[in-house]
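The lines below spell out each chain.
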Amino acid sequence: APDNSLKKQLIKKYRLLNDSILVTRKDKSLPFDAPGNLRIVCDTKMTLIIMSFLHIMGGHYGINTLARLFSSMYRTEGSVVGFAKIVALGCKACRLHRPVFKKTVPLGRIPFPSEPGHTWHMDYVVWKQETTHKGKKLAAALNIVDLYSNLLISHLTPDQSAETTIKCLKATFSTMPAPLKIVSDNGPGLCINKKVATFLKSKGVQNITTITPYNSQGNKSERIHKILRETMRLVAETFQRKSIFDM
C-alpha cells in the first residue's frame, strides 16, 4: 500500500524489506539502519521453525541459549522462553534440559585447586553388560576429571579391577604429569585398593577416598558421567551411528 494510506504508528514501528520481510526495531529511539537494531518479525509457526533450525544447527542449544540467540535476530509475540521450551523439551534427540537441583550442596572437604593438574577426580561409569565395540566387550569407562580445568580423560575398560585402573593411569601418566592428588569413592578398584594406592604413592600422588554422598567433587563426577552418556546417545542418534562409541 502507498505510504500515505498507512497509519503513522505502523510506519514508525515496522518496515518491509524486499517486499516480503517484515522488520521492526529493538530500540525505538534509534533508526532502522542503526547497526544491530533490526529484528525480523515472526508469527508462531515461523518462530517454532526458526528455533528448531537454530537448536539443531547449533549443537542442540539449551532453553536459555536458544531464547537469547533468537532474540538477537528476531521478534515474536508472546514469550520467547516459552517457545524455546517447546523446542528444547520436545527434541527427542537430546533431552538435555534438566530441572535445576535446588538443594544447597555443602562445600566438600577437598579444597578447590589453584591450578590445573593439581587435583583429579577418578571414577568408573558402568555400561550395560551387552555393550561391545569392535568385537570387544566393554564393561565400563574410567573417567578422570581435572577439578580446575574440567579436562576429561576417559578410558574404555573391560572391567573395573585394580589392574585395569593401574593400566589406565600408566597410559595417562605417559602423556601428562601425574597430579598432586587423586580423589575417588570407595570403589574396590579405585584408591581404596592397596595395589592402586601403592602405585599412586610410587608416583608421588596423594590419594583421597571419599564416601560423602553430597561432596561437591562427587556430584561433579556423577554430573560428568551423565553428560557423557547423554552426549554419546545424542551423537549416535543425530549422525545415525550404529554404536554410541562411533564418534
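Here we summarise the structure given alongside this text. What you are looking at is a predicted structure, and each value in this text was computed from that prediction instead of being measured.

Examining helix H5 (residues 162-173)
- Along its 12 residues, H5 runs 16 Å from first to last C-alpha, staying within 8% of the 16 Å computed at 1.5 Å per residue.
- Looking at the buried residues of H5, the elements they touch are strand E5 (119-126), strand E8 (140-146), strand E9 (152-157), strand E10 (181-184) and helix H6 (194-202).

A word on the sheet that holds E5
- Ordered by their spatial adjacency, five strands build an open sheet running E9-E8-E5-E10-E11, and the pairing between neighbours is mixed. Of all strands in the sheet, those with a lone pairing partner are E9 and strand E11 (206-209), marking the two edges. Averaged over all adjacent pairs, the angle separating strand axes in this sheet is 20°, with direction ignored.
- As judged from the seven bridges shared by E5 and E8, these two strands associate in the antiparallel manner. Paired with Val126 across the two strands is Ala140, which belongs to E8.

Some details on the packing of aromatic side chains
- For the coordinates displayed, the defined rule picks out three aromatic pairs.
- Geometrically, the ring pair formed by Trp120 and Phe173 is tilted, given 6.2 Å between the ring centres and 35° between the ring planes. Highlighted residues: Trp120 in strand E5 and Phe173 in helix H5, separated in sequence by 53 residues. Note on accessibility: Trp120 and Phe173 belong to one class, buried.
- Ring geometry for Phe173 against Phe199: centres 6.1 Å apart, planes inclined by 10°, an arrangement best described as stacked. Of the two residues, Phe173 is situated in helix H5 and Phe199 in helix H6; the sequence distance between them amounts to 26 residues. Take Phe173 and Phe199: they sit in the same class, and that class is buried.
- These aromatic residues form a ring-pair network of at least three members: Trp120, Phe173 and Phe199.

Some thoughts on the environment of Gln206
- On the secondary structure map, Gln206 appears in strand E11.
- Judged by its relative accessible area of 43%, Gln206 falls in the partly exposed class.
- The sequence separation of Gln206 and Lys181 amounts to 25 residues, and the corresponding C-alpha distance is 4.6 Å.
- Residues within four places of Gln206 in sequence aside, it is in contact with Leu180, Lys181 and Ile182.

About the criteria used
Residues numbered from 1 in each chain as written. Predicted model: local features only at pLDDT ≥ 70, side-chain atom pairs only at ≥ 80, totals over all residues. Heavy atoms only, no water. Helix = DSSP H or I, 4+ residues; strand = E, 2+ residues; numbered from the N terminus. Expected span 1.5 Å × (residues − 1). Contact = heavy atoms within 4.5 Å. Pairing = 2+ DSSP bridges. Axes fitted to C-alpha atoms, helices over the stretch in contact; angles between N-to-C directions. Phe/Tyr/Trp six-rings, centres within 6.5 Å; stacked < 30°, edge-to-face > 60°. Buried < 20%, exposed > 50% of the residue type's maximum accessible area, 1.4 Å probe, protein only.

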